[in-house]
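# Observations on chain architecture
Now for the letters of each chain:
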Amino acid sequence: MNDSSWGAPSQAGYWGPTDQGHGHGHAHSPGHGHVQGAAPAGPAYDAHEAPQTRPMPIVPDVPQYGGNQDDDRGTARLSGSPVRNETKPEPMPDAVEPAPEPQKKSAGRDLSAAIGVGVGLGAVIVASLFVVKAVFVGVIAVAVVVGLWELTKRLDERKGIRAPLVPLALGGAAMVVAGYVRGAEGAWVAMALTALAVLVWRMTEPPENYLRDVTAGVFAAFYVPFLATFVAMMLTADDGPQRVLTFLLLTVVSDTGAYAVGWRFGRHKLAPRISPGKTREGLLGAVSFAMVVGALCTQFLIDDGAWWQGLVIGLAVAVSATLGDLGESMIKRDLGIKDMGTLLPGHGGIMDRLDSLLPTAPVVWLLLVLFVGSG
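Residue indices begin from 1 for each chain and proceed along its sequence in written order. Totals for whole chains, interfaces and linings use every residue, but because this is a predicted model, local features are given only for residues with pLDDT of at least 70 and side-chain atom pairs only at 80 or more, for both listing and counting. Based on all heavy atoms of the structure, the side-chain values leave hydrogens and waters out of the count.

## A look at the overall build of the protein
- Counting from the N terminus, the helices are DSSP H or I runs at least four residues long and the strands are E runs at least two residues long. Regarding its fold elements, the protein presents 10 helices and 2 strands.
- Partly exposed residues are those whose accessible area sits between 20% and 50% of the maximum for their type, while under 20% is buried and over 50% is exposed, using a 1.4 Å probe and protein chains only. Looking at the protein as a whole, 36% of its 375 residues qualify as buried.
- Contacts are residue-level and defined by heavy atoms, with any inter-residue pair within 4.5 Å sufficient. For the protein, the share of sequence-separated contacts (at least 6 apart) that also reach a separation of at least 24 residues comes to 66%.

## Quick word on helix H4 (residues 165-202)
- Spanning 38 residues, H4 covers only 10 Å between terminal C-alpha atoms, well under the ideal 56 Å at 1.5 Å per step.
- Two axes enter the definition of the bend at a residue: one is fitted to the seven residues ending there, the other to the seven starting there, and the bend is the angle between them. Taken as a whole, H4 carries its principal kink of about 150° at Arg182. Expected span, for any helix, means 1.5 Å times one less than how many residues it has.

## Re helix H7 (residues 280-300)
- The end-to-end C-alpha distance of H7 is 31 Å, a good match for the 30 Å that 21 residues give at a rise of 1.5 Å each.
- Of all the residues in H7, the buried ones are Glu281, Gly282, Gly285, Ala286, Val287, Ala290, Gly294, Ala295, Cys297 and Thr298.
- Buried residues in H7 make contact with helix H6 (240-265), strand S2 (275-279) and helix H8 (307-335).

## Digging into the packing of aromatic side chains
- Pairing of aromatic side chains requires ring centres within 6.5 Å, counting the rings of Phe and Tyr and the six-membered ring of Trp. Pairs whose planes differ by under 30 degrees are stacked, by over 60 edge-to-face, and all others tilted. This structure, assessed with the given rule, holds 6 aromatic pairs.
- Judged by centre distance (5.4 Å) and plane angle (25°), the ring pair of Phe222 and Phe226 falls under stacked. Here Phe226 and Phe222 lie together in helix H5 (residues 210-235), a separation of 4 residues that amounts to about one turn.
- Both rings, one in Trp308 and one in Phe371, keep their centres 5.6 Å apart while their planes meet at 70°; by these two values the pair is edge-to-face. With Trp308 in helix H8 and Phe371 in helix H10 (residues 357-372), this residue pair connects regions lying 63 residues apart in the sequence.
- Classification of Trp308 by relative accessible area gives partly exposed; the value is 43%.
- Given the relative accessible area of 27%, Phe371 is considered partly exposed.
- Linked through ring pairs, Trp188, Phe222, Phe226, Phe230 and Trp365 together constitute an aromatic cluster.
- Two limits define a charge over a ring: the Lys NZ or Arg CZ must be within 6 Å of the ring centre, and within 35 degrees of the ring normal. Across the ring face of Phe265, the terminal group of Arg264 is positioned such that the distance to the ring centre comes to 5.1 Å.

## Concerning the nonpolar core
- Side-chain atoms within 4.5 Å link the members of a nonpolar core, which is a set of buried Ala, Val, Leu, Ile, Met, Phe, Trp, Tyr and Cys residues. Membership of the largest hydrophobic core comes to 55 residues, with the highest contact counts inside it found for Ile140, Val231, Val244 and Phe247.
- Counting residues per element, the ones that place at least two in this core are helix H3 (133-159), H4, H5, H6, H8, helix H9 (350-354) and H10.
- Of all the elements, H5 adds the most residues to this core, at 15 residues.
- If sequence neighbours within four positions are ignored, Val231 has contacts with Phe136, Ile140, Val244, Phe247 and Ala361.

## Some remarks on the pattern of salt bridges
- Any Lys or Arg side-chain nitrogen found within 4 Å of a carboxyl oxygen on Asp or Glu counts as a salt bridge. Taken as a whole and assessed by the stated rule, the structure comprises 10 salt bridges.
- Lys278 is the salt-bridge partner of Asp325, the closest N and O atoms lying 3.1 Å from each other. Here Asp325 is found in helix H8, whereas its partner Lys278 is found in strand S2, with 47 residues between them in sequence.
- In this structure Asp325 comes out as buried when scored by relative accessible area, which is 16%.
- A salt bridge links Lys332 to Asp352; the nearest nitrogen and oxygen atoms lie 3.0 Å apart. You can see Lys332 sitting in helix H8 and its partner Asp352 sitting in helix H9, a full 20 residues away along the chain. Here Lys332 matches Asp352 in class, with each residue buried.

Encoded structure:
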(Lines give C-alpha, C1' and ligand atoms only; values in the text may rest on other atoms or scores of the structure.)
Protein backbone atom coordinates (compact mmCIF):
# COMPACT_ATOMS: atom_id res chain seq x y z
CA MET A 1 0.00 0.00 0.00
CA ASN A 2 1.52 3.41 -1.00
CA ASP A 3 1.98 6.44 1.26
CA SER A 4 -0.88 8.44 -0.18
CA SER A 5 -3.41 5.98 1.05
CA TRP A 6 -2.30 6.73 4.60
CA GLY A 7 -2.59 10.50 4.06
CA ALA A 8 1.16 11.16 3.90
CA PRO A 9 2.33 14.46 2.32
CA SER A 10 4.22 14.58 -0.93
CA GLN A 11 7.50 15.06 0.92
CA ALA A 12 7.97 12.65 3.76
CA GLY A 13 8.68 14.33 7.10
CA TYR A 14 7.91 17.88 5.83
CA TRP A 15 4.90 19.51 7.53
CA GLY A 16 5.48 23.22 6.67
CA PRO A 17 3.59 25.51 4.28
CA THR A 18 2.98 24.49 0.72
CA ASP A 19 4.00 26.22 -2.44
CA GLN A 20 0.47 27.57 -2.98
CA GLY A 21 0.86 31.29 -3.83
CA HIS A 22 -1.56 34.23 -4.13
CA GLY A 23 -2.34 33.26 -7.66
CA HIS A 24 -3.97 30.11 -6.36
CA GLY A 25 -6.03 31.71 -3.63
CA HIS A 26 -9.29 31.00 -5.44
CA ALA A 27 -8.61 27.28 -5.15
CA HIS A 28 -9.53 27.53 -1.45
CA SER A 29 -13.05 28.74 -2.04
CA PRO A 30 -15.87 26.60 -0.66
CA GLY A 31 -16.98 25.73 -4.13
CA HIS A 32 -13.72 24.01 -4.93
CA GLY A 33 -13.20 22.06 -1.69
CA HIS A 34 -10.23 21.92 0.57
CA VAL A 35 -6.67 21.50 -0.71
CA GLN A 36 -4.36 19.47 1.51
CA GLY A 37 -1.52 21.53 2.98
CA ALA A 38 -3.33 24.95 3.04
CA ALA A 39 -5.36 26.55 5.84
CA PRO A 40 -9.11 26.69 5.25
CA ALA A 41 -10.48 30.04 4.03
CA GLY A 42 -13.70 31.64 5.28
CA PRO A 43 -15.26 34.81 6.57
CA ALA A 44 -13.53 34.67 9.95
CA TYR A 45 -10.28 33.11 8.81
CA ASP A 46 -8.21 34.64 6.04
CA ALA A 47 -5.70 32.33 4.44
CA HIS A 48 -3.13 35.11 3.93
CA GLU A 49 -3.10 36.27 7.56
CA ALA A 50 -3.32 32.87 9.22
CA PRO A 51 -0.30 31.60 11.10
CA GLN A 52 1.57 28.82 9.40
CA THR A 53 0.32 25.59 10.91
CA ARG A 54 0.87 21.97 10.20
CA PRO A 55 -2.03 19.99 8.82
CA MET A 56 -3.25 17.06 10.88
CA PRO A 57 -2.13 13.90 9.12
CA ILE A 58 -4.38 10.92 8.69
CA VAL A 59 -2.79 8.18 10.76
CA PRO A 60 -3.52 4.48 10.63
CA ASP A 61 -5.33 2.72 13.40
CA VAL A 62 -3.06 1.71 16.25
CA PRO A 63 -3.34 -1.69 17.91
CA GLN A 64 -6.00 -1.81 20.55
CA TYR A 65 -4.65 -2.40 24.04
CA GLY A 66 -7.88 -1.65 25.86
CA GLY A 67 -9.69 1.47 27.10
CA ASN A 68 -10.60 4.67 25.19
CA GLN A 69 -7.17 6.25 25.44
CA ASP A 70 -5.85 4.71 22.22
CA ASP A 71 -6.86 7.63 19.99
CA ASP A 72 -5.10 10.09 22.31
CA ARG A 73 -2.00 7.92 22.42
CA GLY A 74 -1.76 7.57 18.65
CA THR A 75 -2.29 11.33 18.06
CA ALA A 76 0.11 12.34 20.81
CA ARG A 77 2.95 10.26 19.46
CA LEU A 78 2.69 11.85 16.00
CA SER A 79 2.00 15.44 17.13
CA GLY A 80 4.69 15.55 19.80
CA SER A 81 2.34 16.31 22.73
CA PRO A 82 2.79 14.37 25.95
CA VAL A 83 0.96 11.14 26.39
CA ARG A 84 -1.59 11.09 29.15
CA ASN A 85 -2.27 8.08 31.29
CA GLU A 86 -0.09 5.88 29.16
CA THR A 87 0.48 2.48 30.65
CA LYS A 88 2.45 -0.34 29.20
CA PRO A 89 0.34 -3.28 28.15
CA GLU A 90 0.64 -6.27 30.36
CA PRO A 91 2.60 -9.01 28.64
CA MET A 92 0.55 -11.93 27.51
CA PRO A 93 1.43 -15.13 29.33
CA ASP A 94 3.39 -17.55 27.23
CA ALA A 95 1.18 -20.17 25.72
CA VAL A 96 1.97 -23.57 27.08
CA GLU A 97 2.54 -25.89 24.14
CA PRO A 98 1.45 -29.46 24.68
CA ALA A 99 4.31 -31.90 24.92
CA PRO A 100 4.77 -33.80 21.66
CA GLU A 101 3.59 -37.34 21.77
CA PRO A 102 6.41 -39.88 21.52
CA GLN A 103 6.66 -41.23 18.02
CA LYS A 104 6.53 -44.92 17.54
CA LYS A 105 9.27 -46.55 15.56
CA SER A 106 8.20 -47.26 12.04
CA ALA A 107 9.16 -50.49 10.40
CA GLY A 108 9.85 -48.61 7.17
CA ARG A 109 7.89 -50.98 4.92
CA ASP A 110 4.40 -52.37 4.39
CA LEU A 111 4.71 -55.43 6.59
CA SER A 112 1.38 -56.96 5.62
CA ALA A 113 2.20 -56.78 1.91
CA ALA A 114 5.78 -57.92 2.51
CA ILE A 115 4.68 -60.95 4.53
CA GLY A 116 2.00 -61.89 2.01
CA VAL A 117 4.36 -61.68 -0.96
CA GLY A 118 7.06 -63.54 0.96
CA VAL A 119 4.73 -66.40 1.86
CA GLY A 120 3.53 -66.65 -1.74
CA LEU A 121 7.06 -66.75 -3.14
CA GLY A 122 8.06 -69.32 -0.53
CA ALA A 123 5.18 -71.58 -1.49
CA VAL A 124 6.11 -71.44 -5.19
CA ILE A 125 9.77 -72.12 -4.45
CA VAL A 126 9.16 -75.04 -2.09
CA ALA A 127 6.58 -76.62 -4.41
CA SER A 128 8.89 -76.45 -7.45
CA LEU A 129 11.94 -77.45 -5.42
CA PHE A 130 10.57 -80.73 -4.07
CA VAL A 131 8.35 -81.78 -6.97
CA VAL A 132 10.54 -81.53 -10.08
CA LYS A 133 14.07 -80.15 -9.97
CA ALA A 134 13.88 -78.91 -13.56
CA VAL A 135 10.91 -76.70 -12.66
CA PHE A 136 12.96 -74.99 -9.97
CA VAL A 137 15.74 -74.39 -12.51
CA GLY A 138 13.12 -72.63 -14.60
CA VAL A 139 12.15 -70.50 -11.60
CA ILE A 140 15.81 -69.46 -11.20
CA ALA A 141 16.06 -68.59 -14.90
CA VAL A 142 12.91 -66.44 -14.78
CA ALA A 143 14.16 -64.58 -11.69
CA VAL A 144 17.48 -63.97 -13.45
CA VAL A 145 15.85 -62.54 -16.57
CA VAL A 146 13.56 -60.24 -14.57
CA GLY A 147 16.49 -59.12 -12.40
CA LEU A 148 18.54 -58.30 -15.51
CA TRP A 149 15.64 -56.34 -16.94
CA GLU A 150 15.32 -54.27 -13.74
CA LEU A 151 19.05 -53.62 -13.51
CA THR A 152 19.57 -52.61 -17.16
CA LYS A 153 16.43 -50.45 -17.11
CA ARG A 154 17.61 -48.49 -14.07
CA LEU A 155 21.10 -48.08 -15.53
CA ASP A 156 19.59 -46.61 -18.68
CA GLU A 157 17.12 -44.36 -16.85
CA ARG A 158 19.50 -42.93 -14.26
CA LYS A 159 22.91 -43.00 -15.95
CA GLY A 160 22.22 -43.38 -19.66
CA ILE A 161 24.14 -46.69 -19.66
CA ARG A 162 22.73 -48.98 -22.35
CA ALA A 163 23.78 -52.50 -21.41
CA PRO A 164 22.27 -54.80 -24.11
CA LEU A 165 19.42 -56.74 -22.52
CA VAL A 166 18.78 -59.35 -25.25
CA PRO A 167 22.18 -61.13 -25.08
CA LEU A 168 22.17 -60.76 -21.30
CA ALA A 169 18.74 -62.38 -20.91
CA LEU A 170 19.46 -65.22 -23.33
CA GLY A 171 22.95 -65.79 -22.00
CA GLY A 172 21.79 -65.56 -18.38
CA ALA A 173 19.11 -68.21 -18.79
CA ALA A 174 21.56 -70.43 -20.67
CA MET A 175 24.12 -69.92 -17.90
CA VAL A 176 21.72 -71.25 -15.23
CA VAL A 177 20.83 -74.30 -17.33
CA ALA A 178 24.51 -74.96 -18.14
CA GLY A 179 25.41 -74.82 -14.46
CA TYR A 180 22.72 -77.37 -13.64
CA VAL A 181 23.65 -79.70 -16.49
CA ARG A 182 27.44 -79.33 -16.70
CA GLY A 183 28.39 -77.93 -13.30
CA ALA A 184 30.98 -75.21 -12.72
CA GLU A 185 32.68 -75.88 -16.07
CA GLY A 186 29.44 -75.28 -17.95
CA ALA A 187 28.74 -72.12 -15.95
CA TRP A 188 32.14 -70.62 -16.79
CA VAL A 189 31.80 -71.41 -20.49
CA ALA A 190 28.33 -69.87 -20.61
CA MET A 191 29.62 -66.81 -18.80
CA ALA A 192 32.40 -66.30 -21.34
CA LEU A 193 30.01 -66.72 -24.29
CA THR A 194 27.54 -64.26 -22.74
CA ALA A 195 30.25 -61.64 -22.31
CA LEU A 196 31.31 -62.15 -25.95
CA ALA A 197 27.70 -61.79 -27.08
CA VAL A 198 27.43 -58.50 -25.20
CA LEU A 199 30.55 -57.17 -26.96
CA VAL A 200 29.27 -58.14 -30.40
CA TRP A 201 25.68 -57.01 -29.87
CA ARG A 202 26.76 -53.52 -28.83
CA MET A 203 28.71 -53.15 -32.10
CA THR A 204 25.43 -52.69 -33.98
CA GLU A 205 25.09 -49.22 -32.40
CA PRO A 206 27.29 -46.10 -32.68
CA PRO A 207 30.71 -46.35 -31.02
CA GLU A 208 30.09 -43.56 -28.52
CA ASN A 209 30.15 -44.94 -24.95
CA TYR A 210 30.85 -48.45 -26.25
CA LEU A 211 33.35 -49.27 -23.51
CA ARG A 212 31.01 -47.99 -20.79
CA ASP A 213 28.04 -50.01 -22.05
CA VAL A 214 29.84 -53.31 -22.53
CA THR A 215 31.55 -52.97 -19.14
CA ALA A 216 28.14 -52.57 -17.51
CA GLY A 217 26.87 -55.55 -19.54
CA VAL A 218 29.68 -57.86 -18.40
CA PHE A 219 29.17 -56.71 -14.82
CA ALA A 220 25.45 -57.47 -15.06
CA ALA A 221 26.18 -60.94 -16.49
CA PHE A 222 28.46 -61.76 -13.59
CA TYR A 223 26.38 -60.13 -10.86
CA VAL A 224 23.01 -61.72 -11.64
CA PRO A 225 23.06 -64.96 -13.68
CA PHE A 226 26.55 -66.22 -12.88
CA LEU A 227 26.10 -65.95 -9.11
CA ALA A 228 22.61 -67.46 -9.42
CA THR A 229 24.13 -70.45 -11.23
CA PHE A 230 25.55 -71.70 -7.91
CA VAL A 231 21.99 -72.29 -6.69
CA ALA A 232 21.39 -74.58 -9.69
CA MET A 233 24.69 -76.32 -8.97
CA MET A 234 23.61 -76.99 -5.38
CA LEU A 235 20.50 -78.65 -6.74
CA THR A 236 22.48 -81.32 -8.61
CA ALA A 237 23.48 -83.15 -5.38
CA ASP A 238 21.47 -86.12 -4.11
CA ASP A 239 20.22 -83.96 -1.26
CA GLY A 240 20.08 -80.94 -3.59
CA PRO A 241 16.61 -79.73 -2.54
CA GLN A 242 17.66 -79.82 1.11
CA ARG A 243 20.84 -77.86 0.32
CA VAL A 244 18.91 -75.20 -1.57
CA LEU A 245 16.34 -75.03 1.22
CA THR A 246 19.12 -74.58 3.78
CA PHE A 247 20.64 -71.81 1.67
CA LEU A 248 17.29 -70.01 1.36
CA LEU A 249 16.39 -70.44 5.03
CA LEU A 250 19.73 -69.15 6.26
CA THR A 251 19.60 -66.08 4.02
CA VAL A 252 16.03 -65.23 4.95
CA VAL A 253 16.64 -65.84 8.66
CA SER A 254 19.77 -63.69 8.56
CA ASP A 255 17.86 -60.84 6.94
CA THR A 256 14.96 -61.25 9.37
CA GLY A 257 17.24 -61.35 12.42
CA ALA A 258 19.09 -58.22 11.32
CA TYR A 259 15.82 -56.43 10.67
CA ALA A 260 14.10 -57.42 13.91
CA VAL A 261 17.05 -56.85 16.26
CA GLY A 262 18.19 -53.70 14.49
CA TRP A 263 14.72 -52.18 14.54
CA ARG A 264 14.26 -52.90 18.23
CA PHE A 265 17.74 -52.44 19.68
CA GLY A 266 19.75 -50.75 16.94
CA ARG A 267 21.79 -47.78 18.19
CA HIS A 268 25.16 -47.86 16.43
CA LYS A 269 25.27 -47.43 12.65
CA LEU A 270 27.04 -50.11 10.68
CA ALA A 271 27.68 -48.23 7.43
CA PRO A 272 25.88 -44.86 7.62
CA ARG A 273 27.22 -43.58 4.30
CA ILE A 274 25.95 -46.64 2.43
CA SER A 275 22.84 -47.79 4.29
CA PRO A 276 21.85 -45.60 7.28
CA GLY A 277 19.26 -48.12 8.47
CA LYS A 278 21.74 -50.90 9.20
CA THR A 279 23.20 -51.18 12.67
CA ARG A 280 25.87 -53.23 14.40
CA GLU A 281 23.22 -54.64 16.70
CA GLY A 282 21.34 -55.78 13.61
CA LEU A 283 24.44 -57.56 12.32
CA LEU A 284 24.77 -59.39 15.64
CA GLY A 285 21.13 -60.40 15.33
CA ALA A 286 21.76 -61.72 11.84
CA VAL A 287 24.77 -63.76 13.00
CA SER A 288 22.90 -65.20 16.00
CA PHE A 289 19.80 -66.20 14.08
CA ALA A 290 21.74 -67.64 11.14
CA MET A 291 24.10 -69.70 13.31
CA VAL A 292 21.25 -71.28 15.27
CA VAL A 293 19.25 -72.15 12.15
CA GLY A 294 22.42 -73.28 10.38
CA ALA A 295 23.21 -75.76 13.13
CA LEU A 296 19.69 -77.17 12.97
CA CYS A 297 19.65 -77.44 9.17
CA THR A 298 23.00 -79.16 8.76
CA GLN A 299 22.17 -81.58 11.58
CA PHE A 300 18.75 -82.62 10.31
CA LEU A 301 18.59 -81.74 6.58
CA ILE A 302 22.05 -82.23 5.08
CA ASP A 303 23.33 -85.75 4.52
CA ASP A 304 26.38 -86.44 6.72
CA GLY A 305 26.17 -82.90 8.09
CA ALA A 306 27.11 -81.88 11.66
CA TRP A 307 25.76 -79.08 13.81
CA TRP A 308 29.12 -77.33 14.16
CA GLN A 309 29.36 -77.08 10.39
CA GLY A 310 26.07 -75.24 10.45
CA LEU A 311 27.51 -72.73 12.90
CA VAL A 312 30.28 -71.92 10.43
CA ILE A 313 27.92 -71.77 7.48
CA GLY A 314 25.48 -69.56 9.43
CA LEU A 315 28.24 -67.11 10.35
CA ALA A 316 29.44 -66.97 6.73
CA VAL A 317 25.90 -66.46 5.44
CA ALA A 318 25.26 -63.56 7.84
CA VAL A 319 28.41 -61.82 6.64
CA SER A 320 27.90 -62.48 2.92
CA ALA A 321 24.20 -61.54 3.03
CA THR A 322 25.02 -58.27 4.78
CA LEU A 323 27.77 -57.46 2.28
CA GLY A 324 25.44 -58.29 -0.59
CA ASP A 325 22.80 -55.99 0.80
CA LEU A 326 25.34 -53.22 1.23
CA GLY A 327 26.64 -53.82 -2.30
CA GLU A 328 23.25 -53.28 -3.86
CA SER A 329 22.69 -50.29 -1.57
CA MET A 330 25.83 -48.79 -3.09
CA ILE A 331 24.43 -49.35 -6.59
CA LYS A 332 21.06 -47.84 -5.70
CA ARG A 333 22.67 -44.88 -3.93
CA ASP A 334 24.84 -44.25 -6.98
CA LEU A 335 21.75 -44.40 -9.19
CA GLY A 336 19.75 -42.22 -6.79
CA ILE A 337 16.87 -44.69 -6.32
CA LYS A 338 15.28 -46.42 -3.34
CA ASP A 339 14.24 -49.70 -4.98
CA MET A 340 15.24 -51.45 -8.18
CA GLY A 341 11.60 -52.06 -9.10
CA THR A 342 8.00 -52.25 -7.94
CA LEU A 343 7.11 -55.77 -9.00
CA LEU A 344 6.83 -57.15 -5.44
CA PRO A 345 4.65 -55.05 -3.08
CA GLY A 346 6.38 -54.49 0.24
CA HIS A 347 9.71 -55.68 -1.16
CA GLY A 348 10.45 -53.54 -4.21
CA GLY A 349 11.71 -55.42 -7.23
CA ILE A 350 13.18 -58.86 -7.85
CA MET A 351 16.68 -57.44 -7.48
CA ASP A 352 15.75 -56.06 -4.05
CA ARG A 353 15.16 -59.68 -2.94
CA LEU A 354 18.16 -61.14 -4.77
CA ASP A 355 20.63 -58.65 -3.29
CA SER A 356 21.58 -60.88 -0.33
CA LEU A 357 20.88 -64.20 -2.06
CA LEU A 358 23.24 -63.77 -5.00
CA PRO A 359 26.56 -63.34 -3.14
CA THR A 360 25.52 -65.94 -0.55
CA ALA A 361 24.95 -68.73 -3.11
CA PRO A 362 28.64 -69.39 -3.96
CA VAL A 363 29.56 -69.21 -0.25
CA VAL A 364 27.05 -71.87 0.79
CA TRP A 365 27.84 -74.05 -2.25
CA LEU A 366 31.57 -73.97 -1.50
CA LEU A 367 31.23 -74.67 2.26
CA LEU A 368 28.86 -77.58 1.66
CA VAL A 369 31.24 -79.07 -0.91
CA LEU A 370 34.11 -78.73 1.57
CA PHE A 371 32.16 -80.19 4.51
CA VAL A 372 30.06 -82.98 2.96
CA GLY A 373 31.21 -83.18 -0.69
CA SER A 374 29.42 -82.36 -3.93
CA GLY A 375 26.97 -85.24 -3.44
